[in-house]
Amino acid sequence: MLLLSGLSAAVRAELPLLPAPARAPPQAPFRFSPRRLRCPREHELLEDGDIHRHLYLQDILVSVTQVTEKPKVSEFSCHIAGCCQVFDTLEGYEHHYNTLHRNVCSFCKRSFPSGHLLDIHILEWHDSLFQIMAEKQSMYQCLVQGCVEKFKSSKDRKDHLVTVHLYPSDFRFDRPKKAKSSTKHSKSPLLQNTSMPVDIKTSEQPQVDSMEISPVENMENASQPLSSLISLPPEKHLNRSRIPSTICFGQGATRGFKSMKKKI
Amino acid sequence: MPYIEAACATALRKARKQQQLISKRLLREDTQNGEGKAGMEIPTDPLSEQEVLQLLRDTQKGTEERKKSLSCLRQALQHKETQQKFVRLEGSMRVLIGLFTSSLADVQMEAARCLHELSHSSDPAVAEACLPATSYLLTYLSGHSIEFTELCLYTLGNLVVESEAVRKQLLPQGIISALASCIQSPHEAVLEGLGYVLSQLLQAKEASIEIIPLVLDSALPQHMLQLVCSNLELGMGVAVEFAWCLHYIVCSCVNNALLISQGIMSTLVLLLLELASMVSKAVADGLELLICPVLRCLSNLLAEEMEGCNMQVQDERLLVALFTFMQYFLNHHLFIVQECLWLLNNLTADEPFFCSAMLTLDLIPALLQLLPCSRMVALLVLTVLCNIAEKGCAYCQQLHQKAVLSSLISILTLSDAEVAGQCLELLHLLFLHWPEAAADFFTQAGLQALEQHQHHPELQERVRALMNLATQPAAASPCSLVSSAAVPSSLP
Ligand SMILES: [Zn+2]
Ligand SMILES: [Zn+2]
Ligand SMILES: [Zn+2]
C-alpha cells in the first residue's frame, strides 16, 4: 500500500518546498481559479454518504436488537428494609433500586426520578428556613434543569412550567406541599410508610400513579380508577382512518387534564 | 441482502431529493428468536378498538394481569393500525404515562417499550399523540438503568424527527440541558443513544435557527469533540453519532468560528490520522460511517477561510491519510473517494504547502489512477490538478515530469463537456507555466483529442486557444523569467 510509512513520520513544514508566484486572474476564454468549496446539506456530492448513513440507521435492528440473553441469577429480594420486591436479573434490580431507593428523601421516604427533583423537594418540604425565606423572596426553583427562574409560590412555578416549558399541567413530580399533611408525615412513621409507592405494599390494588402521592390523593385515585378515563372515540371517527388523531384525542386529553386539575 | 439494500437506497435517494430523508431506530428485544430481523415479524393481526380498550383496562387490574396485558399491548403496538387505534382512544396516553411513571421497574420498562413502538410509527399523528409523554421522557434521562435510559433516548430521537410539534415542545422543556447533563454518562450505550437524539434534532429543517444556537451555547460541543475521538478500538457507535452531529452543525454555518476556536480542526485531523492507521491495519469494517462526516466537517470548515484554521490542519500526513482512505474504499464506497477529493480540493486551493506536498510525497500517480472512477471523481481530480498547476511553473514542471499528459489525453477523448472543459483548463495552466508540456502534448496524440471537441459550443473557444499554441513556436519558458534560485534543483 501507498506511503503508509508517511503516516508515522511526523513531517511538518510551515512553508511549501516549491515557490508559488502571486496569483493571476484567469485569462479568457479560460476561467479556472482555485476556490474552496462549501457543500450545504442538500448538495449532490453528499448524497451517497447520506444514503449510507441512513441505511446504517435503519439497519441497526440487526446489531442492536440482538440483545444477549441476560444472565439469570437465582431469585433474590431487595435488601432495603421494608422493601420485598424479588428479582431474577441484575438489570431489573438496578432499575428498581434507582427508581425507588436512589433519590429518596430521608425525611419522608418519598422517591424521585432525579437528584434535581429530590433536592428541590428537600429544600421546599423539609428546610425549616424555606417558608420564612419564601415570604421575602422568590424561592421556588424551576423544575427544569438548566432554567434558573425562581418563584414566589409553587402556583407561580406551575404556571411557569405550563406556559414557558410546555409541561403538562398535571406533571406528576410537581405536587404542591399541603402544610398540614406534611407535618403529619414527618411525625408519624406509620403514615410515612403508606406514603411509599403503593405498588409495593398493596400490589393488587388498581394503582397507576405511584410516586409522589400523598395518602389523600391515593384515595381519590382509587375512587375513580383511571380505566374509567379511557373510552372509545365517537363512532364517526372510527370509520375514517385519515382523521388526525389530535382531533379526537386532543379533546379527550384536555378533559382529562381538567378533571385532574380540580382534584389538585 | 444486496437487493434489499439497493431497494432501500433507491427509496432513500428519492426521500432525500424531497428533503424528507429521515430514519428511525428500533430497539426491540426479540424474545422468539435471535436471528430474524425483529422488525419483520409481526406476530398477530392488528387488534380491534375493543381489544385495545380491553388491554388498557386490564392494565389497571392486579399486578400479574397488568404485566401480561401490558406486554400484549407492546406487541400489538408493532402494528401501524393498532398504533393508530390506540392513539385515537380517549385517555389511552394518560394511562400509558401512568404506567410509564410507575415505580415498578418492569411495568415502567414495558410501558417505555410501548412508547418506543409508538415513536417508531411513520404516522406523524401517532408521534404527536406522544406529546404528553415528552416531559417524562426527559425527566427519566437522569437514568434508572442503562437500558431504560437508552429506551427513553431512542424514543425521543424517533419522535423528534417525525414531528415539528414535538421539537417545538421539547426545546422549552429543556431537552438541550437534559442532554448536556446526560452526556456525562460513562455508559457507551447511553452516549450512543444520546448522539442519536442529537443528530436527529440537528437535522430538523429549522435547526439552524432554533436548535443549533442552543446547542452551541451549551457544554455539548466540547463533549462532542471529546467523544468523537474516544474509544475507537472499543466501539465506534458513539463516535459515529457525534461525528454526524458535528457535520450537521458545521454545514449549517451558524457559528463555526466558535468550533474552530475550540480546536475542532486539529482534533479532527488527528482523528483522521488515527483512522487511517486503522484502515491500513485493515480493521476498517464500518469505518466509512465515521470517516465520512469527519471529512465533511474539515472541508466545510476550510471553506470558511477563517484566520488560523489553515494552521490547524497543516500536516502532510493528512494527505497520506486521504490517499489511504481512497485506495481502501475505492471499490465498495466510492462516496468516500469523492469526499476525500473535496477535502483535497479545499486543502490545495489556496495552500502551496499542500500542493507542494502532493508532489514531494509523490501522490500524483495515485491521483491519476482515480480518473476513470466516475464523472464526479474525474471532475474533482482535475480540479485538484488545476489547483496545483495554478501555483506556477515549478509545479507544472513537476506535473509534466509525473506523466500527467497521457492520462489527460485519454480522459479528454472519453469525456463529456464538463469533464473535458476542466481538462482544457488544466492543459492551459500547464502550457502557460511550462511550455515544454505543450510541445510534448502535441507530439503525443493531443491534437486529435482536442479536435474531437472543437465544435462543441461550450468548449470550442478554449479548444481553439489551445490548438493555436501548436502552430506557434514555444515562447520562452516563464520559469526562465523567475530568478533561478527560485527553481529548486534538489527535488526528489
Ligand atoms: Zn427495593
Ligand atoms: Zn421529603
Ligand atoms: Zn423554568
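About the cut-offs
Residues numbered from 1 in each chain as written. Chains lettered and ligands numbered in written order. Predicted model: local features only at pLDDT ≥ 70, side-chain atom pairs only at ≥ 80, totals over all residues. Heavy atoms only, no water. Domains from an automatic or database assignment. Helix = DSSP H or I, 4+ residues; strand = E, 2+ residues; numbered from the N terminus. Contact = heavy atoms within 4.5 Å. pLDDT = per-residue confidence, 0-100. Donors = N, O, S within 2.8 Å, 3.2 Å for Na, K, Ca; no water. Tetrahedral: all angles 85-135°; square planar, octahedral: opposite > 155°, others 65-115°. Buried < 20%, exposed > 50% of the residue type's maximum accessible area, 1.4 Å probe, protein only. Phe/Tyr/Trp six-rings, centres within 6.5 Å; stacked < 30°, edge-to-face > 60°. UniProt positions renumbered as here; feature names shortened; annotations may be inferred. Salt bridge = Lys/Arg side-chain N within 4 Å of Asp/Glu carboxyl O. Axes fitted to C-alpha atoms, helices over the stretch in contact; angles between N-to-C directions. Parallel < 35°, antiparallel > 145°, perpendicular 65-115°, else oblique. Left-handed = near helix turned anticlockwise from the far one by under 90°. Nonpolar A, V, L, I, M, F, W, Y, C, P; charged D, E, K, R; others polar.

### Re the domain arrangement of chain B
Link 1 in the chain: Here the domain parsing of chain B yields domain 1 (42-173), domain 2 (208-350) and domain 3 (362-492).
Link 2 in the chain: In this structure, domain 1 of chain B and domain 3 of chain B have C-alpha centres spaced 63 Å apart.

### As for the environment of R462 of chain B
Link 1 in the chain: Within the secondary structure layout, R462 of chain B lies in helix α30 (residues 460-471).
Link 2 in the chain: Those residues in contact with R462 of chain B that lie beyond four places of it in its chain are P29, F30 and R31 of chain A together with G421, L424 and E425 of chain B.

### So, the confidence of the model for chain A
All names here are of chain A.
Link 1 in the chain: Looking at chain A as a whole, the pLDDT averages 67, with 56% of positions reaching at least 70.
Link 2 in the chain: In this model residues 1-6 is a low-confidence stretch, pLDDT under 50, and it forms 13 contacts with partners more than four residues away in sequence or in other chains.
Link 3 in the chain: Per-residue pLDDT stays below 50 along residues 60-68; that stretch engages in 18 contacts with residues further than four places along the chain or on separate chains.

### Some points on the coordination of the zinc ion (ligand 3)
Residue and element names in this part refer to chain A.
Link 1 in the chain: Every protein donor of the zinc ion (ligand 3) is accounted for by C142 (SG), C147 (SG), H160 (NE2) and H165 (NE2), and the metal-donor separations fall at 2.0 to 2.2 Å.
Link 2 in the chain: Of note is the zinc ion (ligand 3), whose four donor atoms meet at the metal with angles of 97 to 121 degrees in an arrangement that counts as tetrahedral.
Link 3 in the chain: Each donor residue of the zinc ion (ligand 3) lies on the same chain, and together they follow the pattern C-x4-C-x12-H-x4-H. In this pair, C142 sits in the loop between β3 (140-141) and β4 (150-151) while H160 sits in helix α6 (residues 154-163), placing the two residues 18 residues apart along the sequence.
Link 4 in the chain: C142 sits in the buried class, given a relative accessible area of 1%.
Link 5 in the chain: Residue classification places H160 among the buried positions, given a relative accessible area of 9%.

### With respect to the coordination of the zinc ion (ligand 1)
Four donors placed tetrahedrally about a metal ideally form angles of 109.5 degrees, and six donors placed octahedrally ideally form angles of 90 or 180 degrees.
Link 1 in the chain: Binding of the zinc ion (ligand 1) to the protein goes through C78 of chain A (SG), C83 of chain A (SG), H96 of chain A (NE2) and H101 of chain A (NE2), at separations of 1.9 to 2.3 Å.
Link 2 in the chain: For the zinc ion (ligand 1), the four donor atoms are set out with angles of 103 to 118 degrees between them, so the coordination reads as tetrahedral.

### Digging into the packing of aromatic side chains
Two aromatic rings are characterised by how far apart their centres lie and by the angle between their planes.
Residues and elements named next belong to chain A.
Link 1 in the chain: Inspection of the entire model under this criterion finds 20 aromatic pairs over all chains.
Link 2 in the chain: Ring centres 5.4 Å apart and planes at 70 degrees place the aromatic pair F76 and Y93 in the edge-to-face group. Of this pair, F76 sits in strand β1 (residues 76-77) while Y93 sits in helix α3 (residues 90-102), placing them 17 residues apart in sequence.
Link 3 in the chain: A residue is classified by how much of its surface remains accessible, and F76, at 23% relative accessible area, is partly exposed.
Link 4 in the chain: Classification of Y93 by relative accessible area gives buried; the value is 14%.
Link 5 in the chain: For the ring pair Y93 and Y97, a centre distance of 6.2 Å and an interplane angle of 50 degrees mean the geometry is tilted. Here the residue Y93 and the residue Y97 both occupy positions in helix α3, the gap between them amounting to four residues, near one helical turn.

### Here's the deal with the confidence of the model for chain B
Residues and elements named next belong to chain B.
Link 1 in the chain: Residues with a pLDDT of 70 or more make up 91% of chain B, whose mean pLDDT is 88.
Link 2 in the chain: Ignoring residues within four places in sequence, the model shows residues 31-41, a span with pLDDT below 50, making 18 contacts including any to other chains.
Link 3 in the chain: Complex prediction metrics read pTM 0.83 and ipTM 0.90.

### What about the UniProt feature "domain: C2H2-type" (unreviewed entry) in chain A?
Link 1 in the chain: The sites that carry the UniProt feature "domain: C2H2-type" (unreviewed entry) are, in the present numbering, residues 78-101, 105-126 and 142-165 of chain A.
Link 2 in the chain: As a span, residues 78-101 of chain A carries 50% helix and 8% strand, and end to end its C-alpha atoms are 10 Å apart.

### Quick look at the pattern of salt bridges
Link 1 in the chain: Tallied over the full model, the rule gives 33 salt bridges over all chains.
Link 2 in the chain: Put simply, R157 of chain A and E124 of chain A hold a salt bridge, and the shortest N to O gap is 2.6 Å. In this pair, R157 of chain A is assigned in helix α6 and E124 of chain A in helix α4 (residues 115-126), connecting sequence segments 33 residues apart.
Link 3 in the chain: Close ionic contact of D170 of chain A with R94 of chain B constitutes a salt bridge, the shortest N to O distance being 2.7 Å. Of this pair, D170 of chain A sits in the loop between α6 and α7 (179-187) while R94 of chain B sits in helix α5 (residues 92-100), placing the two residues on different chains. Accessibility assignment for this pair places D170 of chain A and R94 of chain B in one class, buried.

### Topic: the environment of E274 of chain B
Link 1 in the chain: If you trace the backbone, E274 of chain B turns up in helix α17 (residues 264-280).
Link 2 in the chain: Along the sequence, E274 of chain B and A321 of chain B sit 47 residues apart, while their C-alpha atoms lie 8.7 Å from each other.

### Examining the packing of helix α15 (residues 237-251) of chain B against helix α18 (residues 288-302) of chain B
Residue and element names in this part refer to chain B.
Link 1 in the chain: Between α15 and α18, whose axes approach to 8 Å, the crossing angle comes to 25 degrees. Considering the angle they form, α15 stands roughly parallel to α18. When the axes of α15 and α18 are compared, the crossing they make is left-handed. Contacts between α15 and α18 involve A239, V240, A243, W244, L246, H247, V250 and C251 from the former and L289, L290, C292, P293, V294, R296, C297, N300 and L301 from the latter.
Link 2 in the chain: Partitioning the contact of α15 with α18 into residue classes produces 14 nonpolar, two polar and one charged.

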